[in-house]
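If you want the building blocks of each chain, they are given just below.
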Amino acid sequence: MFNSFIEFALPIFKTISILILIVAYLVWLERKVAAKMQSRVGPYSVGYPHGWLQPLADALKLMTKDDSIPKNSDSLLFNLGPVWIMVVSLASFALLPFYFNNPMLNVDLSFMLFIAISSLIIIGIFISGWSSNNKYALISVLRMTAQIISYEIPLVISLLIPCILIGSLSFGEIIRYQEDTWIIFYPLLGQLSFIIFFISALAEGNRIPFDLSEAESELISGYTTEYSGIKFALFYLAEYVHLFGICVLGSIIFFGGSNGPFFSSNILIVIKALLFFTLILFIRWSFFRIRIDQLLKFNWVKLIPLSFAGLLLACLLKYYMDFSSL
Amino acid sequence: MAEYPFFIIVFMALISLPILMILTSKIIKFIVGKRKNVSDTIYECGEPSIENSWKRIPISYFKIALVFILFDIELVFIFPWILNLSDPTPGSYFSFITFLIILFIGWIYAYKKGYLEWEM
């Protein structure tokens, strides 16, 4: 009984702790890269080589901070919001084969289940912004909802194009297919779907040029305005977990997952995801923010027809490959 | 099929994580000592906040949500079609292309009606 419990609990515990560690250092990495691009030093004084203890110090500081609940807010939903976001963004990692050998949950429809779980995050964001009864938070959360649900359509379609070419919805199959060539090197369709995926991943992860919900000069800090202390830390952590999940997804579907040029190992998934994250950081510090009407019009008028054209092209190509000999 | 009950255990572990973090924070604050709390008013750049913020919201957000539901439901139909591709027939491709054409006619209708534009 006890042994089987350990067998169950150990992979869960390992994956969660490794994930939290990686994500804590993603924040540190972001601050370091930002400092480098602006000719600053960045976090330096906590921990000897280059302030490597900074994430720990931040977490400890936020834990001792006062945890205030606004007077007129809906306190049940206000407390539920951060917990919901954290649980949902971590739960999508149960399906990704990112930890040493296998995913925690090995099912045939893992890709579909991943999409289903990770799109639940918007409910948590909405209840936390709405329940804090703050006008800035409400505006932020309305923008965020419109943005995330709109960009979900091109994101899913751009990921379905490789799935059509492969003919499967499980991450294991997708990785096995890319042993010879990665999807990104597939002529035309690979690049087209990667560009659509990259743009909508920036919007889903709420990054510049699509970070309208936290536009610092307009809305104080978006839907997290009323949150303080450990609940703010939960939001901060969950945002990076979600973004890292999207990076891992990109590295699995487009960059061959655990297949490498010299050796094959699951550590390559994490390395590729980190490189992808660095690319997002470079974009963050070189672009500017766009307006909400531009954001939605770009999605509905340009990105969605383009992704449907890609879907049609993939379908015709697969038809040609299957039936050209007949 | 055997994996799905396992997901409940994963879920329990994940729920316990943020709750444990909040409890740890409460314990630390109990040890450090409670501050006097005057920060429970709504943040509004120094002014006291006027009225609730639970009011009517712009119609454009509703329109976007309606168009989203239309496209999202049709997206769900693509998943079972992909699973069918392991044993393809010419008919499965033709039916899918017909489906895409009908979807695109719907998009043209929404575009002509101006539902994809932002109302100021």
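Caption draft 1: Main features of the overall build of chain B. When helices and strands are counted, chain B shows four helices and zero strands. Dimensions of chain B, computed from the C-alpha atoms along their principal axes, are close to 70 × 50 × 15 Å. Taking all 120 residues of chain B together, 12% fall into the buried category.

Caption draft 2: Spotlight on the overall build of chain A. Tallying secondary structure elements over chain A gives eleven helices and zero strands in all. The linear arrangement of helices and strands in chain A, starting from the amino end, is α-α-α-α-α-α-α-α-α-α-α. For chain A, the C-alpha radius of gyration of 21 Å lies close to 20 Å, the compact-globule estimate for 326 residues. With respect to the three principal axes, the spread of C-alpha positions in chain A is 70 × 55 × 50 Å. With 326 residues in all, chain A has 48% of them scored as buried. Pairs at least 24 apart in sequence give 77% of the contacts found in chain A among residues at least 6 apart.

Caption draft 3: Molecular detail of the interface of chain B and chain A. Residue-level contacts link 54 residues of chain B with 59 residues of chain A. Of all the secondary structure elements, the ones that give two or more residues to the side of chain B that touches chain A are helix 1 (4-32), helix 2 (59-76), helix 3 (78-83) and helix 4 (90-113) of chain B. Broken down by element, the side of chain B that touches chain A gets its largest block of residues, 18 residues, from helix 1 of chain B. For the side of chain B that touches chain A, the class distribution of residues is 40 nonpolar, eight polar and six charged.

Caption draft 4: Looking closely at the environment of A:Y151. Residue and element names in this part refer to chain A. Looking at where Y151 falls in the secondary structure, it is placed in helix 6 (residues 135-166). Its 24 C-beta neighbours within 10 Å are what place Y151 among the buried residues. Between the C-alpha atoms of Y151 and W300, which are 149 residues apart in sequence, the distance is 8.8 Å.

Caption draft 5: Main features of the environment of A:Y25. All names here are of chain A. The topology assignment puts Y25 in helix 1 (residues 2-37). Judged by the 16 C-beta atoms lying within 10 Å of it, Y25 is partly exposed. Note: C-alpha distance between Y25 and F276 (251 residues apart in sequence) is 15 Å.

Caption draft 6: Spatial organisation of the nonpolar core. All names here are of chain A. Judged by nonpolar contacts, the single largest core of 108 residues is most densely connected at V141 and F244. The element best represented in this core is helix 6, accounting for 21 residues. Once you skip the residues sitting within four places of it in the chain, F244 turns out to touch I22, V23, L26, A273 and F277.

Caption draft 7: Here's a closer look at the packing of helix 5 (residues 121-131) of chain A against helix 6 of chain A. Residue and element names in this part refer to chain A. At their nearest, the axes of helix 5 and helix 6 sit 8 Å apart, and the two run at 165° to each other. As the angle between them shows, helix 5 and helix 6 are arranged roughly antiparallel. Our pair here, helix 5 against helix 6, has a crossing hand that is left-handed. Facing helix 5, whose interface residues are I122, I125, F126, G129 and W130, helix 6 presents A137, L138, S140, V141, M144, T145, I148 and I149.

Conventions adopted
Residues numbered from 1 in each chain as written. Chains lettered and ligands numbered in written order. Predicted model: local features only at pLDDT ≥ 70, side-chain atom pairs only at ≥ 80, totals over all residues. Helix = DSSP H or I, 4+ residues; strand = E, 2+ residues; numbered from the N terminus. Buried ≥ 20, exposed ≤ 12 C-beta atoms within 10 Å, placed from the backbone. Rg over C-alpha atoms; globule rule 2.2 N^0.38 Å. Contact = placed C-beta atoms within 7 Å. Nonpolar A, V, L, I, M, F, W, Y, C, P; charged D, E, K, R; others polar. Core = buried A, V, L, I, M, F, W, Y, C linked by C-beta atoms within 7 Å. Axes fitted to C-alpha atoms, helices over the stretch in contact; angles between N-to-C directions. Parallel < 35°, antiparallel > 145°, perpendicular 65-115°, else oblique. Left-handed = near helix turned anticlockwise from the far one by under 90°.

Structural measurements only, silent on function.
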